[in-house]
Amino acid sequence: MGKCAIVFGGSGGLGAGCVRALARDWAHIVITYRGGREKAEALAASLPETCQGWAVPCDVTDRGSVFAVVEEARARGGAIDTVVWAAGLAIEQPQIGEITEEEWRAVFDAEALGFTRVVSAVLPLYRAQQGGNFVAVTSMANTRVIVGDTISAAPKAAIEALCRGIAKEEGRFGIRANSVAPGAMNAGLGELFIAERMTPEFWEKFRKSIPLRRFGLAGDVGEAAAFFASERASYLTGQTLIVDGGYTL
Ligand SMILES: NC(=O)c1ccc[n+]([C@@H]2O[C@H](COP(=O)([O-])OP(=O)(O)OC[C@H]3O[C@@H](n4cnc5c(N)ncnc54)[C@H](OP(=O)(O)O)[C@@H]3O)[C@@H](O)[C@H]2O)c1
């Protein structure tokens, strides 16, 4: 296969970690952004010489936009063998009783439906070439419930279910689908949360509740995603790898 990857949400904190990890072994990476054009372009420009990166705009709530990115990736990089899903909404953390229908719709449209749009665009290509893989960045919050995080966790549960379904239905075509579930990260949305919401006392208490005594980094998620995407994981499908320093234990 051609070693061409698309990272949806590549302009984000965790998406960028996935791009950097893939760039060691992939020849072409399409990095999608919505508002973060500069970040995506800077990331593309920073990749090693062996990897050509392109920053491409995409709105995952728009089916046409998703299909256009997949077409562009094919035109630039050839056969796509890897799709990483790392797009997600920056949302507040309301408790379940306070979440409006509009908020539920927005998060499911961007995340759960967004991923189904990606799958619809890519699956026929993977079937035709008899192979390819999906890696979805989800959340450990479906293993350890975090108060206020269900609005973020619920669409990830749908995404993980979709990955398991793809694994079972499409495995015969050489197609794999796995998830990486981050814990408390000092990257992307987590970095913002730490900077804006955590007092030093809370930070220290939280840190001590993580067995490995540190918040995760984008590279921790990136390494797990690149592993799932690689031939080293060729017999792994339908799995979720929790990358949380042991927090869910
Ligand atoms: N960081 C954490 O602590 C953490 C922990 C557990 C789970 N997660 C989950 O991991 C995922 C990635 O998180 P992150 O921290 O990397 O977030 P982030 O830095 O805010 O990145 C989110 C990415 O999604 C893109 N995006 C948002 N809406 C989009 C849309 N409608 N169409 C296309 N792209 C869109 C953003 O694009 P632009 O920035 O270009 O607009 C950005 O690339 C999220 O689902 C998050 O809930 C994060």
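Described in the following lines is the structure provided in the data block. Since we're looking at a predicted model, the values are computed, not measured. (Residues numbered from 1 in each chain as written. Predicted model: local features only at pLDDT ≥ 70, side-chain atom pairs only at ≥ 80, totals over all residues. Heavy atoms only, no water.)

**Brief notes about the sheet that holds strand 4 (residues 80-85)**
Pairing between the strands of a sheet comes from backbone hydrogen bonds, and it takes one of two forms, parallel or antiparallel. Taken in spatial order, the 7 strands of this open sheet run 3-2-1-4-5-6-7, and their pairing is parallel. Looking at which strands have only one partner, the edges of the open sheet turn out to be strand 3 (52-57) and strand 7 (240-243). Strand after strand, the sheet turns through a mean of 20° between neighbouring axes, direction not considered. Looking at chain direction, strand 5 (residues 132-137) and strand 6 (residues 175-182) are connected through 6 bridges and run parallel. When the sheet's bridge partners are listed, Val135 is paired in strand 6 with Asn178. Those strands touched by helix 1 (residues 13-22) are strand 1 (4-8), strand 2 (28-33), strand 4, strand 5 and strand 6, and its axis lies near 170° from that of strand 1. Against the sheet, helix 4 (residues 101-129) contacts strand 1, strand 4, strand 5 and strand 6, and its axis sits at roughly 170° relative to strand 4. (Pairing = 2+ DSSP bridges. Helix = DSSP H or I, 4+ residues; strand = E, 2+ residues; numbered from the N terminus. Axes fitted to C-alpha atoms, helices over the stretch in contact; angles between N-to-C directions. Contact = heavy atoms within 4.5 Å.)

**Structural notes on the packing of aromatic side chains**
Under the defined criterion, the tally for this structure stands at 10 aromatic pairs. Aromatic pair Phe206 and Tyr247: ring centres 5.4 Å apart, planes at 40°, arrangement tilted. You can see Phe206 sitting in helix 7 (residues 200-208) and its partner Tyr247 sitting in the segment after strand 7, a full 41 residues away along the chain. Using a relative accessible area of 16% as the deciding quantity, one classes Phe206 as buried. On the basis of relative accessibility, which here comes to 9%, the residue Tyr247 falls in the buried class. An aromatic cluster of at least three residues, connected via ring pairs, comprises Phe8, Trp85, Phe115, Tyr126 and Phe134. The aromatic ring of Trp26 is capped on one face by Lys3, whose charged end is 3.9 Å from the ring centroid. For the cation-ring pair, Arg144 lies above Tyr247, with the distance from its terminal atom to the ring centre recorded as 4.1 Å. (Phe/Tyr/Trp six-rings, centres within 6.5 Å; stacked < 30°, edge-to-face > 60°. Buried < 20%, exposed > 50% of the residue type's maximum accessible area, 1.4 Å probe, protein only. Lys NZ or Arg CZ within 6 Å of the ring centre and 35° of its normal.)

**What to know about the site of the ligand**
Every one of the 29 residues lining the ligand counts as a neighbour, but Ser11, Gly35, Gly36, Lys156 and Leu189 are closest to it. Between Asp59 and the ligand, the recorded distance is 3.1 Å, taken from a side-chain N or O atom to a nitrogen atom. Within the backbone of Val60, one N or O atom sits 2.8 Å away from a nitrogen atom of the ligand. Burial of the ligand by the protein chains amounts to 86% of its free accessible area of 900 Å². (Near = heavy atom within 4 Å. Polar contact = N/O pair within 3.5 Å; in protein donor to acceptor, adjacent residues only side chain to side chain. Areas by Shrake-Rupley, 256 points an atom, 1.4 Å probe, with all protein chains shown as cover.)

**A look at the pattern of salt bridges**
Following the criterion strictly, the structure yields 13 salt bridges and no others. The closest approach of N and O atoms between Glu223 and Arg24, which form a salt bridge, is 2.9 Å. A residue pair is termed long-range when its members are at least 10 positions apart, and Glu223 in helix 8 (residues 218-229) and Arg24 in the loop between helix 1 and strand 2 qualify at 199 residues. For Arg105, the salt bridge is made with Glu101, and the minimal N-O distance between the two is 2.7 Å. Of the two residues, Arg105 and Glu101 are both situated in helix 4; the distance of 4 residues between them amounts to about one turn of the helix. (Salt bridge = Lys/Arg side-chain N within 4 Å of Asp/Glu carboxyl O.)

**Description of the nonpolar core**
Ranked by size, the top nonpolar core spans 34 residues in total, and within it Leu22, Ile29, Ile31, Val180 and Val221 carry the most contacts. In terms of residue count, helix 8 provides more of this core than any other element does, 7 residues in total. If we skip the residues at most four places from it in the chain, Leu22 touches Ala5, Val7, Ile29, Val84, Ala226 and Ala229. Of all hydrophobic cores here, the second largest spans 32 residues; its members include Val56, Cys58, Leu125 and Ala177. (Core = buried A, V, L, I, M, F, W, Y, C linked by side-chain atoms within 4.5 Å.)

Purely geometric stuff here, so don't read any function into it on its own.
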